[in-house]
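# Examining the three-dimensional arrangement
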Protein chains: 4
Amino acid sequence: MPKEIRVGLVGYKFMGKAHSHAYRDVAMFFSSMKAVPVMKAICGRTEDEVAKAAKIYGWQSYETSWEKLIQRDDIDLVDISTPVNLHKDIAIAAAKAGKHILCEKPMAMNLDEAREMLEAAEKAGIKHMIGFNYRRVPAIALARKLIEEGALGRIYHFRATYLQDWIVDPNFPLVWRLRKEFAGSGALGDLGAHIIDLARFLVGEFERVTCATKTFIKERPEASYVTGLTARAGGKMGEVTVDDAAIAIAEFKNGALGSFEVTRLAPGRKNCQRIEINGSKGSIFFDLERLNELQFFSREDKDYEQGFRTILVTEESHPYLKAWWPSGHIIGWEHAMVHQIHDLLEDIAEDRMPTPNFVDGLKCQEVLEAMDRSSREGRWVRI
Amino acid sequence: MPKEIRVGLVGYKFMGKAHSHAYRDVAMFFSSMKAVPVMKAICGRTEDEVAKAAKIYGWQSYETSWEKLIQRDDIDLVDISTPVNLHKDIAIAAAKAGKHILCEKPMAMNLDEAREMLEAAEKAGIKHMIGFNYRRVPAIALARKLIEEGALGRIYHFRATYLQDWIVDPNFPLVWRLRKEFAGSGALGDLGAHIIDLARFLVGEFERVTCATKTFIKERPEASYVTGLTARAGGKMGEVTVDDAAIAIAEFKNGALGSFEVTRLAPGRKNCQRIEINGSKGSIFFDLERLNELQFFSREDKDYEQGFRTILVTEESHPYLKAWWPSGHIIGWEHAMVHQIHDLLEDIAEDRMPTPNFVDGLKCQEVLEAMDRSSREGRWVRI
Amino acid sequence: MPKEIRVGLVGYKFMGKAHSHAYRDVAMFFSSMKAVPVMKAICGRTEDEVAKAAKIYGWQSYETSWEKLIQRDDIDLVDISTPVNLHKDIAIAAAKAGKHILCEKPMAMNLDEAREMLEAAEKAGIKHMIGFNYRRVPAIALARKLIEEGALGRIYHFRATYLQDWIVDPNFPLVWRLRKEFAGSGALGDLGAHIIDLARFLVGEFERVTCATKTFIKERPEASYVTGLTARAGGKMGEVTVDDAAIAIAEFKNGALGSFEVTRLAPGRKNCQRIEINGSKGSIFFDLERLNELQFFSREDKDYEQGFRTILVTEESHPYLKAWWPSGHIIGWEHAMVHQIHDLLEDIAEDRMPTPNFVDGLKCQEVLEAMDRSSREGRWVRI
Amino acid sequence: MPKEIRVGLVGYKFMGKAHSHAYRDVAMFFSSMKAVPVMKAICGRTEDEVAKAAKIYGWQSYETSWEKLIQRDDIDLVDISTPVNLHKDIAIAAAKAGKHILCEKPMAMNLDEAREMLEAAEKAGIKHMIGFNYRRVPAIALARKLIEEGALGRIYHFRATYLQDWIVDPNFPLVWRLRKEFAGSGALGDLGAHIIDLARFLVGEFERVTCATKTFIKERPEASYVTGLTARAGGKMGEVTVDDAAIAIAEFKNGALGSFEVTRLAPGRKNCQRIEINGSKGSIFFDLERLNELQFFSREDKDYEQGFRTILVTEESHPYLKAWWPSGHIIGWEHAMVHQIHDLLEDIAEDRMPTPNFVDGLKCQEVLEAMDRSSREGRWVRI
């Protein structure tokens, strides 16, 4: 019989919904798990909304205070899917209460917070994970496998963009993600955190960075409420206190060069996370908008047959795919969330530390902080 | 309060699983439905397997006899996800028992069966639907909308292929889909049915067809059991009694020309359902392996700006997408199944006949039968 | 010292220009040819236009009568780049005069003409070639090489479309290509001839065909003159006497299935010649609008690395490419014409019969005729 | 009658050949030019090679001393297609001799040289052009047109890479392009110059830059001769004295952000110059390996029809295309060279200063120099 892991989730918007779905479906597709989730309670401030979410998503109960959720005896794992400004307090309290933690990215508002969180978690001896879900997109997991097998040889280049366009309209309102006090940073933290983590996952540790950030649209209509992406515009204008875009150059400890660019102002680029890695023996390319595909070029193919091959990552021989549909039946964005929950539960059952965990969250935060400082001080910053 | 529709599902393999998932998740994403499913019972011949499926998929109970399932008072809707050879008997019995029906495609082993089924359903006055799920891929629904708006003008060409490669290995065993007594036909019925239905959905009724079919690999190792895609090879060879591939030319009643090609022997084509339509004002192109995209060319764009635009069909303004994730977060193959269940339940709640229904299933069967006859007799066949 | 081949060209419009360019440039890029062209004379009916063409294209002289051109002693090779209705007379006269012949495709107005032409050429013992230029697109030549090496294994499917849209506007005038008396047929002969020849080049001989043709737009404004693509519309309407589109199914002698579709009414498809071949070991895909690329899928790649590779056919290891630019610098449409002239001249110098020659032209004509008959009689026609 | 411009070309390798081809063919395709080239003389150090080049390319005579070429009375235009280290001396001498100049890019070994060249040219009152040929790729010219029309609105982002892989093999020899004394710099000057110029062409002037450069492979086999890409490896190892790769961030005077990356170590990227521009109203994307295509996204399209459209830039309504083949017949890399020569000759005929000219060359050099300094000093450098 699989072990039961009782989950309490804080947050019920975009991330809360995606996590709920993963808990709900994981055991249907991964049918021989060592641990299965029990959806004990979901938590949010607004009672009628969280009550509705509990019902729709399938949670057994709800809470309106995260402090109360954490104190419940029937919770083993606390899932933190709130805006960034709440991560630290919830995580430290959960750790103190001996709960395992899954925390959304970016880990914290700043490096100091991240350090406190890691310290608390380590002291408590709990399992912890950061929600860098893209590590579990099958194509990315396959890329990692190819790199580990040496298919790319020595890595020369890591090149990533994460482009979106959801605030290109100057009348898009001042939601929480555009305010420093809630979000910590803008595109840099939100989008940059993902590609920094993937760089660490696929290439290795950073040595130094230089970075420029920019806020192109400095004022926006104040939102009638600040949570949620879909807030309606009010009459007054407010200041945008985070970056719209950031570009960084990095050097990795292994000598590779990295380039990073994130923006929320690229019309037509909806979720355009693209990653290319060039090594001495080959290259890979990934695009999140076509997340079921991985492009791979090998210099070891016969000379006149060489070309980027588009691997449709839907075969049983591909990571995670055995759980899903027959060959050629593509999966969606949220499936990587299911994989994340799967791996987390297995790790807890097996008493292993998950990855990426708070150490990874912290190291990502170090890079983000270095980029931010570099952009303010106009110089290279060592990690 | 939404109405509850109590569902009994026959079949628990590929289709049974996909349907189960749809019932399980539909109300989580479409949050204001007029009817919600209750997963009453799942049915299959092998008790331990169906029991396990019931548990994993979330069904309240299971049956090992479909006859018994159909007699249960607590079932409103019977979902037929079995091999084709069982469709007729189950459907007719379910109709007689007054149950609504969702039946997988192709509808029947032949046209006579389909006629019997439709007759029974009409006599019983039940709601019926055929599982042509691809009508509910958002990009296809968008294509239909564009056509209805006149964006393509007068239709000249419908061009579809549905290519797979899962039996390209001559040692792939003789599973039920390769035996006429279980499957009725091969690629023609399995893959052809989908693109014939989409042709009817997007262009209109068929006038006449000519067709060639072919079985390239005439013998295969007998499977130790005949259900399931993953059967292991045994020692003896058996005859493949269905087609590996089929090509057809069609004329539509509105004068358009159609071309159709299906095969299971196209290496690298995993689920390559591609549809192109050319009209007097523009064209559209769709590829199921990139199901979140629709290509659209309009002659009404400024002359030097004309080009096929790749619409990433993940916006709130696109069909069904409001239920899912933010812009740019792609959905997977099984989501169209969720849309299908959503629309079916809404139709039942609103006392509307769903589409595609048994009439559509029958008309598709007429075209399949005409193609089959054409291929045997070497001549054009009128529908 | 390379041999000099003295050329006389009949026709100075699209094909005449493309051939002129090839003669002009071939020896600049293929620098160690055994024979080089001397551009002796160009021929056309309208003196001031042909005189201007002679000057611009670099011909030493011009003629206004093809009969006179053929009688000139200083001509070794006659290049027939006229509308189809003139091919036969010129070719037979040229053969009788002992000139080598390059004749544009399709070879003739009908099969009888083609037979006469071949007979005359064989009797005269001259070298003859048909201008199926696409055999010499490097990506197609590479496809042939892969097939000959067995990279695709046994061929199951040949699938080709050739889609254009240049007459989609109903006001496009009735140019010579839309009149049976000048062009012989419409899309079938013009576009179909190319893909039929490529099918023979890549797969082998045809066994039988069935075909449908269609003229969607039956009347068009009469052109003020009938040669040239760019004729202006006059006031009166005239009947379109050739097909706008054709679809055919074929069986090859080796058992493969073929599908063919051509049209001039596919908005956005400008020169969309696409070819896919599926065999037991792999597949290839080609698109003339991206003629520098060949897609190749091999089942012999490691299972989790399989995918269509996009070979950028610009390497020295690729056919013809050594003559051109460094890796990655793409070539254009007209370069295949240069390759054609190169190979023709080398063959003449080496006293070899070129390919494709009048035998290939005739065999293509047999298939075209069978398709035409099939479309008129509504039945399969054996080649 | 068109004016005749008598040309003397220095250099006969890659660039010399490409320029020769352009002079040879330009008047064949642009048939009503106000000035036509006369290919007077080609110049190179090695007599037998330059003599052969003269013959093959179609030059009337040759010289082995550029000084002598420049003194010839029958030369109006000097074309400098040599390694960079010779640009300055030839250009200044040519200017003093009153010849117009076309000089390959990058303009000079350093900024001082570029200044001297410009000064000499301005003093002499000659016409001068720098060979940034990619401005004349039709898709790029179309991009410029769209931007000038305001189709992108306010520009936020310019993003360019120029990736190649021709030295990824560590045994590739130490050719002149890898030695600072001949080439000035590596990927930065060779590839970077192109995308810097395109940034200026499409977005505007640079404000400041920060940059990192890297030489991954520090030693290579010495080449038996140092000119030419295809030199054979000798036994001894020599030091690579230029960069293999460079990444830069830029801010433009108009507030836009720019990112630039060049490398010669990206397996599979053969000539991968990609440019994306994001503005408030739309985006464009270009890839030199598919140079006949321009992708364009417009926020002004109907919301559910928005998508990147792939414009096949082969229509008469597109820049330069009227001179070439019918719609859909793609052109190659060298055609932009033909356009460059066309525009240069027209400018000379009309007594207009060409663009890009030495001022543009100088401004590009300023940016290159700033990037180089930034990379050495580890800080932002103002232009």
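Residues numbered from 1 in each chain as written. Chains lettered and ligands numbered in written order. Predicted model: local features only at pLDDT ≥ 70, side-chain atom pairs only at ≥ 80, totals over all residues.

### Some remarks on the overall build of chain A
Helix and strand counts for chain A stand at 10 helices and 17 strands. Taken over the C-alpha trace, chain A has a radius of gyration of 21 Å; the compact-globule value for 383 residues is 21 Å, and the two agree within 12%. Across its three principal directions, the C-alpha atoms of chain A cover 65 × 55 × 40 Å. For chain A, the proportion of its 383 residues judged to be buried stands at 62%. A separation of at least 24 residues holds for 71% of the contacts in chain A among residues at least 6 apart in sequence. (Helix = DSSP H or I, 4+ residues; strand = E, 2+ residues; numbered from the N terminus. Rg over C-alpha atoms; globule rule 2.2 N^0.38 Å. Buried ≥ 20, exposed ≤ 12 C-beta atoms within 10 Å, placed from the backbone. Contact = placed C-beta atoms within 7 Å.)

### Comments concerning the relation of the copies chain C and chain D
Rotating chain C by 180° and translating it 0.0 Å along the rotation axis places it on chain D, where the RMSD comes to 0.0 Å. On the angle and the small slide along the axis, the relation comes out as a two-fold axis. Within chain C, the C-alpha atom positioned nearest to the axis of rotation is that of Gly332 of chain C, 2.0 Å from it. Comparing interface residues between copies, 100% of those in chain C also sit at the interface in chain D, which points to an isologous, same-surface contact. (Least-squares fit on C-alpha atoms with pLDDT ≥ 70 in both.)

### Some details on helix H5 (residues 111-124) of chain D
Residues and elements named next belong to chain D. The terminal C-alpha atoms of H5, which comprises 14 residues, lie 20 Å apart, in line with the 20 Å expected from a rise of 1.5 Å per residue. For H5, the full list of buried residues reads Glu113, Ala114, Met117, Leu118, Ala120 and Ala121. Along H5, the residues classed as buried sweep out an arc of 165° about the axis, all on the same side. Exposed and facing more than 90 degrees away from the buried side of H5 are Asp112 and Lys123. (Expected span 1.5 Å × (residues − 1). Arc of directions from axis to C-beta.)

### A few points about the interface of chain C and chain D
Between chain C and chain D, the contact holds 29 residues from the first and 29 residues from the second. At five residues, the largest contribution of residues to the side of chain C that touches chain D is made by helix H1 (residues 14-29) of chain C.

### With respect to the UniProt feature "domain: Gfo/Idh/MocA-like oxidoreductase N-terminal" (unreviewed entry) in chain A
The feature "domain: Gfo/Idh/MocA-like oxidoreductase N-terminal" (unreviewed entry), as given by UniProt, occupies residues 5-132 of chain A in the numbering adopted here. Helix makes up 45% of residues 5-132 of chain A and strand 23%, whereas the separation of the span's terminal C-alpha atoms amounts to 21 Å. (UniProt positions renumbered as here; feature names shortened; annotations may be inferred.)

### Quick word on the relation of the copies chain D and chain A
Once turned by 180° and shifted 0.0 Å along the axis, chain D lies on chain A with an RMSD of 0.0 Å. A shared binding surface is used by both copies, with 100% of the interface residues of chain D retained as interface residues in chain A.

### Comments concerning the pairing of strand E1 (residues 3-10) of chain D
All names here are of chain D. Inspection of the sheet shows E1 paired to strand E2 (residues 35-43) by eight bridges, in the parallel sense. Bridging from a neighbouring strand, Arg6 pairs with Val38 of E2. On the question of chirality, the crossover connecting E1 to the parallel E2 by way of helix H1 (residues 14-29) is right-handed. As defined by bridge partners, E1 adjoins strand E4 (residues 77-80) across four bridges and the pair is classed as parallel. Within E4, the residue paired with Gly8 across the bridge is Val78. (Pairing = 2+ DSSP bridges. Right-handed = clockwise from strand over helix to strand, strands pointing away.)

### Examining the nonpolar core
In terms of nonpolar packing, the biggest core is built from 544 residues, with Ile42 of chain A, Ile42 of chain B, Ile42 of chain C together with Ile42 of chain D touching the most fellow members. Contacts of Ile42 of chain A, omitting those with residues within four sequence positions, involve Leu9, Tyr12, Gly16, Val50, Ala53, Ala54, Tyr57, Trp59 and Tyr62 of chain A. (Core = buried A, V, L, I, M, F, W, Y, C linked by C-beta atoms within 7 Å.)

### Looking at the sheet that holds strand E3 (residues 61-63) of chain C
All names here are of chain C. Strand order in the open sheet made by the six strands is E3-E2-E1-E4-E5-E6, with parallel pairing throughout. In the strand order of this sheet, the two ends are held by E3 and strand E6 (128-130), each with one partner. Taken over all neighbouring pairs, the strand axes of this sheet differ in orientation by 25° on average, direction set aside. Its contacts with the sheet put helix H2 (residues 47-57) on strand E2 (35-43) and E3, and the angle it makes with E2 is roughly 160°. (Axes fitted to C-alpha atoms, helices over the stretch in contact; angles between N-to-C directions.)

### Section: helix H6 (residues 138-148) of chain C
Residue and element names in this part refer to chain C. Turning to H6, its buried residues are Pro138, Ala139, Ile140, Ala141, Leu142, Ala143 and Leu146. Structurally, H6 contributes buried residues whose contacts are with helix H8 (187-202), strand E14 (282-287) and strand E15 (293-298). Looking one or two residues beyond H6, the residue adopting positive phi is Gly150, at roughly 90°.

### A short note on the packing of helix H1 (residues 14-29) of chain B against helix H9 (residues 335-349) of chain B
Residue and element names in this part refer to chain B. Two numbers describe how H1 lies on H9: the axes approach to 8 Å, and their chain directions differ by 70°. Taken together, the axes of H1 and H9 lie roughly perpendicular to each other. Relative to H9, H1 is oriented so that their crossing is right-handed. Side by side, H1 and H9 meet where Ala18, His19, His21, Ala22, Tyr23, Asp25, Val26 and Phe29 of the first sit next to Met337, Val338, Gln340, Ile341 and His342 of the second. Split into classes, the residues belonging to the contact of H1 with H9 amount to eight nonpolar, four polar and one charged. (Parallel < 35°, antiparallel > 145°, perpendicular 65-115°, else oblique. Left-handed = near helix turned anticlockwise from the far one by under 90°. Nonpolar A, V, L, I, M, F, W, Y, C, P; charged D, E, K, R; others polar.)

### Examining the pairing of strand E7 (residues 155-163) of chain B
Residues and elements named next belong to chain B. Counted residue by residue, E7 has nine buried out of nine residues, so it is predominantly covered. Inspection of the sheet shows E7 paired to strand E13 (residues 272-279) by eight bridges, in the antiparallel sense. Following the sheet pairing, Tyr162 is matched in E13 by Gln273. In this sheet, strand E12 (residues 257-263) lies alongside E7 in parallel orientation, the contact comprising seven bridges. Across the sheet, the residue bridging to Leu163 is Thr263, located in E12.

### A word on the sheet that holds E4 of chain D
Residues and elements named next belong to chain D. As summarised here, the arrangement of the six strands in space is E3-E2-E1-E4-E5-E6, forming an open sheet in which the pairing is parallel. The open sheet has two edge strands with one neighbour each: strand E3 (61-63) and strand E6 (128-130). Geometrically, the sheet is characterised by an average inter-axis angle of 25° between neighbouring strands, direction not taken into account. Along the sheet face, helix H2 (residues 47-57) touches E2 and E3 and points at about 160° away from the line of E2.

### Looking at the environment of Gly11 of chain C
All names here are of chain C. Structurally, the position occupied by Gly11 is in the loop between strand E1 (3-10) and H1. By C-beta crowding, Gly11 is classed as buried, having 25 other C-beta atoms within 10 Å. For the pair Gly11 and Gly58, spaced 47 residues apart in sequence, the C-alpha separation works out to 14 Å. Setting aside chain neighbours within four positions, we find Gly11 in contact with Gly16, Gly44, Ser81 and Thr82.

### Quick notes on the interface of chain D and chain A
Each side of the interface is counted separately: chain D has 30 residues, and chain A has 30 residues. Only strand E7 (155-163), strand E8 (206-214), strand E11 (245-252), strand E12 (257-263) and strand E14 (282-287) of chain D provide two or more residues apiece to the side of chain D that touches chain A. Looking at side-chain class alone, the side of chain D that touches chain A contains 14 nonpolar, 10 polar and six charged residues.

### Some words on the packing of helix H8 (residues 187-202) of chain B against helix H10 (residues 358-377) of chain B
Residue and element names in this part refer to chain B. Contact geometry of H8 with H10 gives a least axis separation of 9 Å together with a crossing angle of 120°. One way to sum up the angle between H8 and H10 is to call them oblique. Regarding H8 and H10, the two cross each other, and that crossing is right-handed. Side by side, H8 and H10 meet where Leu188, Gly189, Gly192, Ala193, Ile196, Asp197 and Arg200 of the first sit next to Asp360, Lys363, Cys364, Val367, Leu368, Met371 and Asp372 of the second. Class assignment of the residues belonging to the contact of H8 with H10 gives a composition of seven nonpolar, two polar and five charged.

### Structural notes on the domain arrangement of chain A
Residue and element names in this part refer to chain A. The domain architecture assigned to chain A consists of domain 1 (3-133) and domain 2 (135-382). A C-alpha centroid distance of 22 Å is found between domain 1 and domain 2. Contact residues are listed per partner, giving 43 residues for domain 1 and 44 residues for domain 2. Taken together, the elements giving at least two residues each to the side of domain 1 that touches domain 2 come down to strand E1 (3-10), helix H1 (14-29), strand E2 (35-43), strand E5 (100-103), helix H5 (111-124) and strand E6 (128-130). The dominant element in the side of domain 1 that touches domain 2, judged by the number of residues it contributes, is H1, at nine residues. (Domains from an automatic or database assignment.)

### Side note on unusual backbone geometry
In this chain, Lys105 of chain A is followed by Pro106 of chain A through a cis amide linkage whose omega measures -10°. Relative to the helices and strands, Pro106 of chain A resides in the loop between E5 and H5. Thr355 of chain B connects to Pro356 of chain B through a cis peptide bond whose omega is -10°. Residues other than glycine seldom take positive phi values, yet Asp351 of chain C does so here, at roughly 55°.

### Some details on the confidence of the model for chain A
Put simply, chain A has an average pLDDT of 95, and 97% of its residues get 70 or more. As scored by the predictor, the complex reaches a pTM of 0.97 and an ipTM of 0.95. (pLDDT = per-residue confidence, 0-100.)

### Remarks on the environment of Asp73 of chain B
Take Asp73 of chain B: it is sitting in the loop between helix H3 (66-71) and strand E4 (77-80). For the pair formed by Asp73 of chain B and Glu369 of chain B, sequence separation is 296 residues and the distance between their alpha carbons is 37 Å.

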